[in-house]
Amino acid sequence: MAWHSPYLRLPRHLDLPGGGMVPSPSERGVAASDKDPDLCGAEGEVYRPDPLTLAGSRRHPLITGTKVHMVTFGCQMNKYDSEMVAGLLNEKGAAFVEDERQADLILFNTCSVRAQAEDRVHGRLGSLKRRKREDPAVLLAVMGCMAQKEGEQIAKRYPYVDLIVGTRQLHQFAKLLERVKEGAPTPLLAIDAAPAVEFGETVARRDSRWKAYLAVTRGCNKRCTFCVVPYTRGPEVSRTIGDVITEAKRLVDDGVLEIMLLGQTIDTYGFDLGRENANLPKLLRALCAITGLRRIRFITSHPEECQDDLWRTMADCGDKVMPFIHMPAQSGSDAVLRRMARGYTRKRYLDVVASARKHCPELEITSDWIVGFCGENDADFEQSFSLMQEVRPCSSYIFTYSVREGTPAQRLDDDVPETAKKERHARLSEAQDAISLEKNRARIGQVEEVLVEGVSKTDTERLTGRSAQYRPVHFAGSQDLVGTFAEVRITQASGHSLQGDRITHDS
Ligand code: SAM
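Residue numbers here run from 1 along each chain, matching the order of that chain's written sequence. Local features in this predicted model are restricted to residues whose pLDDT is 70 or higher, and side-chain atom pairs enter the listing and the counts only when it is 80 or higher, whereas totals over whole chains, interfaces and linings include all residues. Hydrogens and water are ignored here; the side-chain numbers use all heavy atoms of the structure.

Chemist: Whenever I open this one, the overall build of the protein chain confuses me. Can you help?
Modeler: Counting from the N terminus, the helices are DSSP H or I runs at least four residues long and the strands are E runs at least two residues long. Per the secondary structure count, the protein chain includes 13 helices and 21 strands. For every residue, the accessible area obtained with a 1.4 Å probe (protein chains only) is divided by the maximum for its type, and the residue is called buried under 20%, exposed over 50%, and partly exposed between those limits. Residue burial in the protein chain is summarised as follows: out of 507 residues, 59% are buried. Per element, the accessible surface of the protein chain, about 20400 Å² overall, is 50% carbon and sulfur. What sets the accessible areas is the Shrake-Rupley method with a 1.4 Å probe; for residues, cover comes only from the shown protein chains.

Chemist: It is not clear to me how the sheet that holds strand β13 (residues 295-299) should be interpreted in this structure. Could you clarify?
Modeler: Sheets are built from strands paired through backbone hydrogen bonds, the pairs being either parallel or antiparallel. Strand order in this open sheet of three strands is β9-β12-β13, and the pairing throughout is parallel. Looking at strand neighbours, the two that pair on one side only are β9 (211-215) and β13, the edges of this open sheet. If you compare each strand with its neighbour and ignore which way they point, the axes differ by 20° on average. Two elements, β9 and strand β12 (residues 258-262), share five bridges in a ladder whose sense is parallel. In the sheet register, Ala215 faces β12, and the bridge partner there is Leu262. Paired strands, as defined in this entry, are two strands with at least two bridges between them according to DSSP. Only the stretch in contact is used when a helix axis is fitted, and all axes are lines through C-alpha atoms; the angle between N-to-C directions ranges over 0 to 180 degrees.

Chemist: Sorry if this is basic, but what is going on with helix α11 (residues 346-359) here?
Modeler: Note on helix geometry: an α-helix contains 3.6 residues per turn, so any two residues three or four positions apart are oriented the same way. Residue count minus one, scaled by 1.5 Å, sets the expected span of a helix. The end-to-end C-alpha distance of α11, which contains 14 residues, comes to 20 Å, matching closely the 20 Å that a straight helix rising 1.5 Å per residue would cover. Residues of α11 that are buried: Arg346, Tyr349, Val352, Val353, Ser355 and Ala356. Residue contacts are defined here by distance: any two heavy atoms, one from each residue, within 4.5 Å place the two residues in contact. Turning to α11, the residues buried within the fold contact α9 (308-316), α10 (334-339), β15 (364-371) and α12 (378-391).

Chemist: Can you help me understand the site of the ligand in this one?
Modeler: Around the ligand, 15 residues are found, and the nearest of them are Arg114, Gln264, Gln330, Asp368 and Ser402. At 2.7 Å, a side-chain N or O of Gln330 approaches an oxygen atom of the ligand. The protein chains hide 98% of the 570 Å² of surface that the ligand would expose on its own. Those elements giving two or more residues to the shell around the ligand turn out to be β15 and β16 (395-400). Nearness here has a simple test: a residue counts as near a molecule or strand if at least one of its heavy atoms is within 4 Å of that partner. We call two N or O atoms a polar contact when they sit within 3.5 Å, provided that within protein one can donate a hydrogen and the other can accept it, with sequence-adjacent residues counted only if both atoms are side-chain atoms.

These figures capture arrangement, not role.
Given below as structure tokens:
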């Protein structure tokens, strides 16, 4: 038992009864092709629950009626975690509010991948001191990667925070909140490693009725020298195929048509369970058999791990597994890739892309790039630039390197001047924008099958959704098409989306 004062910390084997991508446009600072509404990031995204959600199947007297304002920073894995925690709280009778001023609980789900998202959370926590002084009943909670990485510092620096829950204790969030509400000394700190994050039968409360994330692995076994994820999320742990299928069926019963599988290195799914028992191709084939599940996607692909078997499976299951992968290159220079410990060369990246496209000619690829990594010289950067030109991803997330505490690269010299980082970032972004525009324009005249996700934010007469290759598509149509598939002939393209006209079969 490890209960510490003044900050309570949960024991390693938590004994309470009943009982892991892509960042923000502002962080990337790049052109419109990056403004993907699916992604949350440094600004944080406020959780907007489905208004039709029926709350409270397992109501708890202390949680029922609690108004929660939840803000998510970071990647899809964080968004999934937020949706699961929202599901837990919802079962207990909590409601969600968009306006922070109306909340009884203000909850930040945090990201540590780059400094900017962390700075944002520090700013928000600092500014909440006054609110807490004026209204001591309001509860403040921090969960996720920052909580895991620097929970004790957060507790010291912001002693008015009530609850700090790391990445491996998220499934206990509602129970921990009950403890705080019962009067446990605060800050209550729960950051010990649990063997697995088990959300049980909780159904995520999503902001989309038709699409859902589903984490198939947690943690990461890679040791990319720049990356903090293995330290905030721990080693890779896979869920069994049976467990994933059960969750997927629950989602489909809940109306979901499209599932995006999540894993830091999705290709190594199942390796810890014995590759013959569970692997990504096998999982995809099993998911394809679920009646009612129309679309399956998966992220993030790792160039060192991708195997031809995956492309063969995608080709075989092309009606359900969508022709889209996100496969970060990070750099086109072998010297930089070595310093990053990425485990592949430029040639390997190109070979993987060629093989994938040979098996799945419709496949679209998106990528991540880091510019200004330690020791990157002009010639190295030109290698990234030329790799992008060769691969022609349909969009990319481009980051300037940011030193992360505790990573191996912290010991390297962060020697690329800021001006050079900015210049390289701008050049690569510009190149990507030109490629995105050209590739999107090539879709003009084509018919895209679109999962209609909602009404356009800027024009209520227009609908918005995603094509099979994950391109945003906008077209005129009535609201009753939301949650259906529409065929849209593309008439216009920008760098980040397509516009078109719906084909009606009676016209
Ligand atoms: N697991 C995935 C992989 O290894 O390809 C990506 C994980 S990370 C959450 C998402 C992206 O953030 C990375 O692909 C990388 O481009 C970027 N990133 C990670 N650490 C970074 C750092 N220290 N500075 C700048 N960008 C970083």
